[in-house]
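Observations on the model geometry
Chain by chain, the residues:
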Amino acid sequence: MDALGSLLCLILGSAIPILLLFLLIRRGWRQLAVAEAYHNVSRRLGLPVDTRGVSLHGHLGEQRIWVGQVMVGHGPARQMLCWGVLDHERPLGLGLLLRRRGLSEQLWRRARGPEIQIQPELERRLEAQGDEASRIRSLLDDEVRALLIRMLRRWRDLVVTDQSVRVHLKQPLVHTHELQTLVDDLRALSSALSSARAKLPPPTALADSTEGWAELAQRHGLELESAYPAAGGSVDGRKVRAGPVRTQKGYRAEIRLLFRPHRTHGLHLQPQIDPDGYWSVGQDIQVGEPSFDDAFVIKGYDPEAIRQLLSIEVREHLAALGAAGRLDIDDVRLHLSGIEIDPEVLDELLTHAVAAAVAMGW
């Protein structure tokens with residue numbers, strides 16, 4: 001019996017470190033596989049490759065994409081989650097929220113609203129909310145419904161809002177083909193939603209503002225997009241959009257300007273009061289103007305190059321924009337949100353946005 005007990009102790013004593021070694025190797029292999037998948041898909045899509053191997057991120061045309069881990073919540077409730085999220089080309093402006101039934105309400109900060117009845121097969125899987133039930137049902141046309149069902153089968157935890165399509169992943173994807181499929185699904189659903197939205201009339205609350213948007217578009221050489229209503233087009237080779245955004249407090253406006261091709265600087269400029277978000281990279285940079293440095297967090301590859309880029313003229317335009325709303329700038333675009341919907345205000349801000357891009361040489 002003593003001999004048998006000794007043998008069992010020997011086996012257990014050997015098995016435990018072997019198991020720990022196996023788990024350690026498995027974890028390391030998984031991290032390498034995830035990094036390789038991010039690298040492969042980023043290169044396919046023409047996105048910057050994350051040298052840390054922790055995310056796939058960048059811009060696909062006018063759409064910003066992120067696949068990777070992100071810290072959500074505050075204090076003891078903070079947790080690390082893995083998301084795949086793709087912004088729409090423009091906000092849908094319908095107060096839309098679609099989410100898988102039973103998905104934890106801790107995963108977003110939006111209060112529960114009245115549920116809208118939708119197509120029965122979808123309703124068994126999804127909760128739907130929005131400002132106007134008839135428009136939400138029209139938005140969910142045959143193509144959108146088919147894509148939603150397909151995505152729910154592949155990616156169980158799905159959330160769709162006015163701003164984005166988001167999938168919550170249990171863990172990072174380790175295979176290139178899985179990650180590519182996720183990106184393709186996000187793009188297909190967002191595109192179908194945008195196409196369906198363009199066929200709808202503007203929200204009832206904004207129907208009377210079409211004339212003001214038309215005048216704004218004409219003054220800046222843009223086209224009226226009556227479905228939203230909004231103004232969009234190109235100014236000196238820069239794609240520009242100005243349109244409404246549905247927020248929890250009502251409708252506000254935003255401006256998006258895509259810069260012309262240029263040498264990348266790793267620039268990220270955002271309000272100083274914001275936490276360091278999961279889009280942010282680089283080191284903090286001071287430009288030497290106290291009011292500007294107090295207003296914005298600035299990051300980039302080369303501090304001196306960033307300081308030269310943000311000249312006095314550029315800073316004057318950006319300060320005016322930042323005083324009117326939330327200003328976010330990176331190598332690809334300028335985004336100003338939370339603006340008052342007023343044609344005169346938007347007229348001035350569009351002028352500042354284009355002037356800033358011209359002064360930057362972007």
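Read on for a plain summary of the structure. (Residues numbered from 1 in each chain as written. Predicted model: local features only at pLDDT ≥ 70, side-chain atom pairs only at ≥ 80, totals over all residues. Heavy atoms only, no water.)

**A short note on the overall build of the protein**
Helix and strand counts for the protein come out as ten helices and 16 strands. A buried classification covers 49% of the 362 residues belonging to the protein. Considering only intrachain contacts with a sequence separation of at least 6, the fraction spanning at least 24 residues in the protein is 61%. (Helix = DSSP H or I, 4+ residues; strand = E, 2+ residues; numbered from the N terminus. Buried < 20%, exposed > 50% of the residue type's maximum accessible area, 1.4 Å probe, protein only. Contact = heavy atoms within 4.5 Å.)

**Quick word on the packing of helix H9 (residues 312-324) against helix H10 (residues 343-360)**
Here H9 crosses H10 at 150°, and the two axes come no closer than 9 Å. Comparing their axes, H10 and H9 come out roughly antiparallel. Note that H9 runs across H10; the crossing there is left-handed. Every residue of H10 that contacts H9 at Glu313, Val314, His317, Leu318, Ala320, Leu321 and Ala324 is listed here: Leu349, His352, Ala353, Ala355, Ala356, Ala359 and Met360. Partitioned by chemical class, the residues of the contact of H9 with H10 number eleven nonpolar, two polar and one charged. (Axes fitted to C-alpha atoms, helices over the stretch in contact; angles between N-to-C directions. Parallel < 35°, antiparallel > 145°, perpendicular 65-115°, else oblique. Left-handed = near helix turned anticlockwise from the far one by under 90°. Nonpolar A, V, L, I, M, F, W, Y, C, P; charged D, E, K, R; others polar.)

**Side note on the packing of aromatic side chains**
Applying the stated rule across the entire model yields two aromatic pairs. Taken together, a centroid distance of 5.1 Å and an interplanar angle of 75° make the contact between Phe259 and Trp362 edge-to-face. Placement of Phe259 in the loop between strand S11 (250-258) and strand S12 (268-271) and of Trp362 in the segment after H10 is noted, with a sequence separation of 103 residues between them. Per residue, the accessibility class of Phe259 equals that of Trp362, and both read buried. Across the ring face of Trp83, the terminal group of Arg166 is positioned such that the distance to the ring centre comes to 4.5 Å. Its guanidinium or amino end placed over the ring of Tyr251, Arg246 lies 5.7 Å from that ring's centre, counting from NZ or CZ. (Phe/Tyr/Trp six-rings, centres within 6.5 Å; stacked < 30°, edge-to-face > 60°. Lys NZ or Arg CZ within 6 Å of the ring centre and 35° of its normal.)

**Topic: the side chain of Ser164**
Position of Ser164 relative to the elements: it lies in strand S7 (residues 164-169). Looking at Ser164, the relative accessible area reads 7%, which means it is buried. Those residues in contact with Ser164 that lie beyond four places of it in its chain are Val85, Leu86, Asp87, His88 and Val159.

**Observations concerning the nonpolar core**
Formed by 48 residues in total, the largest nonpolar core has its most connected members in Leu148, Val160 and Leu189. Discounting residues that sit within four places of it in the chain, Val160 has contacts with Leu96, Leu97, Leu98, Leu148, Val165, Leu189 and Leu193. Core analysis: the second largest hydrophobic core is formed by 39 residues, Trp213, Ala217, Ala253 and Leu350 among them. (Core = buried A, V, L, I, M, F, W, Y, C linked by side-chain atoms within 4.5 Å.)

**Considerations on the packing of helix H6 (residues 210-219) against H10**
Where H6 meets H10, the closest approach of the two axes is 10 Å, and the angle between their N-to-C directions is 25°. Regarding the angle of H6 to H10, the classification is roughly parallel. As for the relative orientation of H6 and H10, their crossing is right-handed in sense. Of H10, the residues touching H6 (which contributes Gly212, Trp213, Leu216 and Arg219) are Pro343, Leu346, Asp347 and Leu350.

**Things to note about the side chain of Thr176**
Inspection of the secondary structure puts Thr176 in helix H5 (residues 176-198). With residues near it in sequence (within four places) discarded, Thr176 still touches Glu36, Ala37, Asn40, Val41 and Arg44.

**Points about the pairing of strand S15 (residues 326-330)**
Side chains on a regular strand alternate between the two faces of the sheet. With four of its five residues buried, S15 lies for the most part within the structure. Note: S12 against S15, two bridges, orientation antiparallel. Across the sheet, Leu269 pairs through a bridge with Ile329, a residue of S15. With four bridges connecting them, S15 and strand S16 (residues 333-339) associate as antiparallel partners. Paired with Asp328 across the two strands is His335, which belongs to S16. Linkage of S15 to S16, two consecutive antiparallel strands, is achieved through a turn of two residues. (Pairing = 2+ DSSP bridges.)

**Section: H9**
The end-to-end C-alpha distance of H9, which contains 13 residues, comes to 19 Å, matching closely the 18 Å that a straight helix rising 1.5 Å per residue would cover. Among the residues of H9, those classed as buried are Val314, Arg315, His317, Leu318 and Leu321. The buried side chains of H9 occupy one side of the element, clustering within an arc of 165° when seen end-on. Facing away from the buried side of H9 by over 90 degrees, the exposed positions are Ile312, Glu316 and Ala323. (Expected span 1.5 Å × (residues − 1). Arc of directions from axis to C-beta.)

**Observations concerning the pattern of salt bridges**
Side chains carrying opposite charge are able to pair once their charged atoms draw close together. Across all of its chains, the model carries 19 salt bridges by this definition. Measuring nitrogen to oxygen at the nearest pair gives 2.6 Å for the salt bridge that ties Arg90 to Glu225. Here the residue Arg90 occupies a position in the loop between strand S3 (79-87) and strand S4 (97-100), and Glu225 occupies one in strand S8 (residues 223-225), the gap between them amounting to 135 residues. The same class applies to Arg90 and to Glu225, which are both buried. Within this structure, Glu62, Arg90, Glu225, Lys239 and Arg241 form a network of salt bridges that share partners. (Salt bridge = Lys/Arg side-chain N within 4 Å of Asp/Glu carboxyl O.)

**A word on unusual backbone geometry**
Pro229 follows Tyr228 through a cis peptide bond whose omega is -15°. Position of Pro229 relative to the elements: it lies in the loop between S8 and strand S9 (230-235). Although it is not a glycine, Asp236 sits at a positive phi angle of roughly 55°. With respect to the secondary-structure elements, Asp236 resides in the loop between S9 and strand S10 (238-247). Take Asp236: its relative accessible area is 53%, and that puts it in the exposed class.

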